[in-house]
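Next come the chains, spelled out residue by residue.
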Amino acid sequence: GENVEQHPSTLSVQEGDSAVIKCTYSDSASNYFPWYKQELGKRPQLIIDIRSNVGEKKDQRIAVTLNKTAKHFSLHITETQPEDSAVYFCAVRGSGYSTLTFGKGTMLLVSP
Amino acid sequence: NAGVTQTPKFQVLKTGQSMTLQCAQDMNHEYMSWYRQDPGMGLRLIHYSVGAGITDQGEVPNGYNVSRSTTEDFPLRLLSAAPSQTSVYFCASSYLGDSGNTIYFGEGSWLTVV
């Protein structure tokens, strides 16, 4: 089955800095790559996603880049704010139906 | 439009007891799934369904049963609870068809087995 590796497991930055989280995957047929943000005690919420026919997507301060050849994709958050502090999960949808395989998460802490 | 609704939100079970976590969605989604979330392990797929009458196993199916008699409901049954099943459980749903449809999560069910 699909194997998703996510790094780093924890990331501490100062407010205003940029943060980058990276994920690698194993199935070259994978075609959908969402990122979820989960605040403490809450459900995961989709923040951005990218499909396999696109190399980069931006939404205000967040962006996702995809390198299909190398089988990795990254989440970029610019001008971080304390409210960005949360656990971020990458996920991969492989071939077949809508099953997602998740990375193990990155705890992002943004200090004022 | 309630989205994905899970009950109960919190539950404490004794080892060996059985229980059912309920999940319902009102978005007419074909796909429904159950994940468990443990510290440092991310979200792991337990079972999923692509339509009424169709279910399949995910990564960690042992100790759990599911059924899909209607499009709206996808209950998860713990047959004989074990402490290793202490976890947070999330139900999720989405449309099928086009690749990459947004998956919507329920609010989660916190289960403790003592």
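Use the structure listed above.
Our subject in this report is the structure included herewith. Bear in mind the structure is a predicted one, so any value in this text is a computation, not a measurement.

By size, the foremost hydrophobic cluster in this structure holds 23 residues, and its most contacted members are Phe 33, Trp 35, Phe 73, Leu 75, Ile 77, Tyr 88 and Leu 108 of chain A. Breaking this core down by element, the ones donating at least two residues are β2 (10-14), β3 (19-25), β4 (32-38), β5 (45-51), β7 (62-67), β8 (72-77), β9 (86-93) and β11 (106-111) of chain A. Setting aside its immediate chain neighbours within four residues, Leu 108 of chain A contacts Leu 11, Val 13, Ala 19, Ile 77, Asp 84, Ser 85, Ala 86 and Tyr 88 of chain A. Judged by nonpolar contacts, the second largest core, of 20 residues, contains Cys 23, Leu 78, Tyr 89 and Leu 111 of chain B.

For the rest of this paragraph, the subject is the state of the cysteines. With the rule as written, the count across this model stands at 2 disulfides over all chains. Note that Cys 23 of chain A is cross-linked by a disulfide to Cys 90 of chain A, the S-S spacing being 1.9 Å. Between Cys 23 of chain A and Cys 90 of chain A, the disulfide has an S-S torsion of -95° and is therefore left-handed. Linking Cys 23 of chain A in strand β3 with Cys 90 of chain A in strand β9, this pair joins segments that are 67 residues apart in sequence. The same class applies to Cys 23 of chain A as to Cys 90 of chain A, namely buried. Sulfur-sulfur distance for the disulfide between Cys 23 of chain B and Cys 91 of chain B comes to 1.9 Å. Its torsion about the S-S bond being -75°, the disulfide of Cys 23 of chain B and Cys 91 of chain B is classed as left-handed. Linking Cys 23 of chain B in strand β3 (residues 19-25) with Cys 91 of chain B in strand β9 (residues 87-94), this pair joins segments that are 68 residues apart in sequence. Exposure class is identical for Cys 23 of chain B and Cys 91 of chain B. Each is buried.

Counting across every chain of the model gives 6 salt bridges over all chains. For Asp 84 of chain A, the salt bridge is made with Arg 61 of chain A, and the minimal N-O distance between the two is 2.9 Å. Of the two residues, Asp 84 of chain A sits in the loop between β8 and β9 while Arg 61 of chain A sits in the loop between β6 (56-59) and β7, which places them 23 residues apart along the sequence. Residue class for Asp 84 of chain A comes out buried when judged on its relative accessible area of 7%. On the basis of relative accessible area, Arg 61 of chain A is assigned to the partly exposed category, the value being 24%. In this structure, the salt-bridge partner of Asp 38 of chain B is Arg 44 of chain B, at a minimum N-O distance of 2.8 Å.

We now examine the pairing of β2 of chain A. Residues and elements named next belong to chain A. In β2, alternate side chains face the same way, and those of Leu 11 and Val 13 are buried while those of Thr 10, Ser 12 and Gln 14 on the opposite face are not. The pairing of β2 with β11 spans 5 bridges and is parallel. In the sheet register, Gln 14 faces β11, and the bridge partner there is Ser 111.

Rules and cut-offs
- Residue numbers run consecutively from 1 along every chain, following the written order of its sequence.
- To label them, take the chains in the order written and letter them from A, then take the ligands in the order written and number them from 1.
- Only residues with pLDDT of 70 or above have their local features reported here, since the model is predicted, and side-chain atom pairs are shown and tallied only from 80 upward, although totals for entire chains, interfaces and linings are computed over all residues.
- For the side-chain quantities, the full set of heavy atoms in the structure was used; hydrogens and water were omitted.
- Buried residues of nine kinds, namely Ala, Val, Leu, Ile, Met, Phe, Trp, Tyr and Cys, make up a nonpolar core once their side-chain atoms join them within 4.5 Å.
- Exposed residues in this analysis have more than 50% of their type's maximum accessible area, buried residues have under 20%, and partly exposed residues fall in between, with area computed by a 1.4 Å probe over protein chains only.
- A run of H or I in DSSP counts as a helix once it spans at least four residues, and a run of E counts as a strand once it spans at least two, with each numbered from the N terminus.
- Two residues form a contact once any of their heavy atoms are found within 4.5 Å.
- Criterion for a disulfide: a pair of cysteine sulfur atoms within 2.5 Å.
- Any Lys or Arg side-chain nitrogen located within 4 Å of an Asp or Glu carboxyl oxygen qualifies as a salt bridge.
- One requirement defines pairing of two strands: DSSP has to find at least two bridges between them.

In short, shape yes, function no, at least from these values alone.
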